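# Descriptive structure summary
Residues per chain, in single letters:
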Amino acid sequence: MMMTYEGKSVFEGIAIGKLAVYRKVEQSVKRIKVEDPEAEIARYADAREKACAELGVLYDKAVKEVGESGAEIFEAHQMMVEDGDFIDSAENIIRTEGVNAEFAIAQTGDNFSAMFAGMDDEYFRGRAADVKDISERIIRILSGGAAGGILADEPVIVVADDLAPSETVQMDKDKILSFVTVHGSANSHTSILAKTMAIPAIIGADIPLSDEVDGKIGIVDGFEGKVYVDPDPETLQKKQALLEKEMKRKELLLQLKGKENVTLDGQKINIYANIGNTRDLALVLQNDAGGIGLFRSEFIYLGSQDYPTEEEQFAIYKQVAQTMAGRKVIIRTLDIGADKQADYFELPHEENPAMGLRAIRICLTRPEVFRTQLRAILRASAYGKISIMFPMIISVKEVKKIKDILAAVKAELDSEGIAYDHEIETGIMIETPAAVMVAEELAKEVDFFSVGTNDLTQYTLAIDRQNASLDEFYDPHHPAILRMLQMIADAAHKGGAWAGICGELGADLSLTKEFLAMGYDELSVSPGMILPVRKAVRETDVAEYKKVR
Ligand code: PEP
Ligand code: MG
């Protein structure tokens, strides 16, 4: 029967495999009276030397496997082995009680680790395990034990009460799919090592360390912090699919992270990410986006009970700009209405909301809402590279009105002495057939175009994008759309603007070549599609493609 256990995930990812419960070989230490305490003290000194040598070997191994910072723990352990307080205490026990070194060290280890465990600071509490670890190492050396090799021949999910850093590093990394521990803190070296090894790990799991688990098939889901033991076929299949997706993504990452978006014949294109809120930023960075091509700012309004204030919005835009550290962030002004409704806007009921009071139309009829957002965006532009983009444009007249409002808001900020980027780029979404038809004139008014293919398809084909029963008719590959896309890119370039695509079609890998041939400068896609699009770009020879197109 499938059992599910929960804990705290310290690294995301999926692992599927055999569960191996790691039971510590408890070294029972006997208290033995000795004749010659000084001889015990000499044995202890000798063992310390050997322990430091072992730790040196572990350090070198860890540097190779997990890097300098992951290996530092073994240097710290060497220092703890040589720690004067620890040595004084152990030697004192040997002399005053006349006992064997093993016992004195076990006693000292217990005392010191209890002392750390009782500290308020989480970092020091985490060190309790390290003290135990080094005293066990010295005891093992004293009693002639060899450093334990651990684990089976097939890769396993290691389940343990807690793992000492030396235990994790001695394990053969190729044989570990994941760590699950009952104890351990987020600062423990098990989690640090798991993160460095980039394998899913869960700590604080309420999992039994028994035959109920040992040897069974398990799934570690580092996204939800769960461990499934003996999963049912349905769960197994679901997680297997997730694992495959993860593996593909990781493979792509390895191959493509840090690589340029350039075709075989040298044409470059920017690949940016679409986001809805700040939670998406981690994915944006993980997937190596060159910038943010569409920040759907209306989600700030949708997630709120009332109009979000200038300060609230400023804080969000600033966070995005700072996180992107100088890379472009295109904030789209609110695109509310139609399928995105917020009650406090008290929009009138409409027969035909997709063609109703939405997006820029709301902004132009409620300039105070618009100005608040523009102020927040402008203020945030002092903290990074922000561009502003306006949705649902149909005419040059609208764009001129918007520019007047923007100029007034800038003047207001100037008079208040508030900083903003005076060179801030402005652009518009091309998502209505009207905008396509007057694109040449529009291009003279703005710095860039970004094509909203979702709406452009809806309005061009007269097919409600929300109506699932029309899916078979909703065809963004329709020649009308593809021809419009070419017209848009041409018009942009003629008018001195750059052109991008931020609708879903931008991530359509069967069209990447086509977009490059059309001369698009940017594609903005969901974070998970950045690397697949980069791959498609890097495999394209545009000149060759144009010959057969
Ligand atoms: C679009 O219409 O293609 C677009 C990107 O905007 P949204 O999907 O938010 O309407
Ligand atoms: Mg749209």
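So, a few notes on the structure that sits alongside this text. (Residues numbered from 1 in each chain as written. Chains lettered and ligands numbered in written order. Predicted model: local features only at pLDDT ≥ 70, side-chain atom pairs only at ≥ 80, totals over all residues. Heavy atoms only, no water.)

## Notes on the site of ligand 1
Arg296, Arg332, Gly452, Asn454 and Arg465 are the nearest of the 14 residues found near ligand 1. The separation between an oxygen atom of ligand 1 and a polar side-chain atom of Arg296 is 2.7 Å. In this structure, an oxygen atom belonging to ligand 1 sits 3.0 Å away from a side-chain N or O atom of Asp455. When ligand 1 sits alone it has 290 Å² of accessible area, and the protein chains cover 99% of it. Mapped by element, the contributors of at least two residues to the shell around ligand 1 are β10 (292-296) and α16 (453-461). (Near = heavy atom within 4 Å. Polar contact = N/O pair within 3.5 Å; in protein donor to acceptor, adjacent residues only side chain to side chain. Areas by Shrake-Rupley, 256 points an atom, 1.4 Å probe, with all protein chains shown as cover. Helix = DSSP H or I, 4+ residues; strand = E, 2+ residues; numbered from the N terminus.)

## Re the coordination of the magnesium ion (ligand 2)
Ideal geometry at a metal gives 109.5 degrees between four tetrahedral donors and either 90 or 180 degrees between six octahedral ones. Looking at the magnesium ion (ligand 2), one finds its protein donor set to be Glu431 (OE) and Asp455 (OD), positioned 2.1 to 2.2 Å from the metal centre. On the criterion of sequence distance, the pair formed by Glu431 in the loop between β13 (425-430) and α14 (433-437) and Asp455 in helix α16 is long-range, its members being 24 residues apart. Taken individually, Glu431 and Asp455 each receive the classification buried, so the pair is uniform in this respect. (Donors = N, O, S within 2.8 Å, 3.2 Å for Na, K, Ca; no water. Buried < 20%, exposed > 50% of the residue type's maximum accessible area, 1.4 Å probe, protein only.)

## Comments concerning the pairing of strand β8 (residues 226-229)
Examined bridge by bridge, strand β1 (residues 3-6) and β8 share four bridges and lie antiparallel to one another. Each bridged residue has a counterpart across the sheet, and for Met3 the counterpart in β8 is Val229. When strand β7 (residues 217-221) meets β8, the two strands line up antiparallel, connected through four bridges. What sits directly across from Val220, in β8, is Val227. Here β7 hands over to β8 after four residues, with Gly225 in that stretch at a positive phi of 70°. (Pairing = 2+ DSSP bridges.)

## What to know about the packing of helix α3 (residues 101-117) against helix α4 (residues 122-142)
For the pair α3 and α4, interaxial distance at closest approach is 7 Å and the crossing angle is 175°. By the angle class used here, α3 and α4 are roughly antiparallel. On α4, the residues touching Ala101, Glu102, Ile105, Ala106, Gly109, Asp110, Phe112, Ser113, Phe116 and Ala117 of α3 are Phe124, Arg125, Arg127, Ala128, Val131, Lys132, Ser135, Ile138, Ile139 and Leu142. Of the residues in the contact of α3 with α4, the class split is 12 nonpolar, three polar and five charged. (Axes fitted to C-alpha atoms, helices over the stretch in contact; angles between N-to-C directions. Parallel < 35°, antiparallel > 145°, perpendicular 65-115°, else oblique. Contact = heavy atoms within 4.5 Å. Nonpolar A, V, L, I, M, F, W, Y, C, P; charged D, E, K, R; others polar.)

Fair warning: the whole summary comes from geometry, so function is off the table for now.
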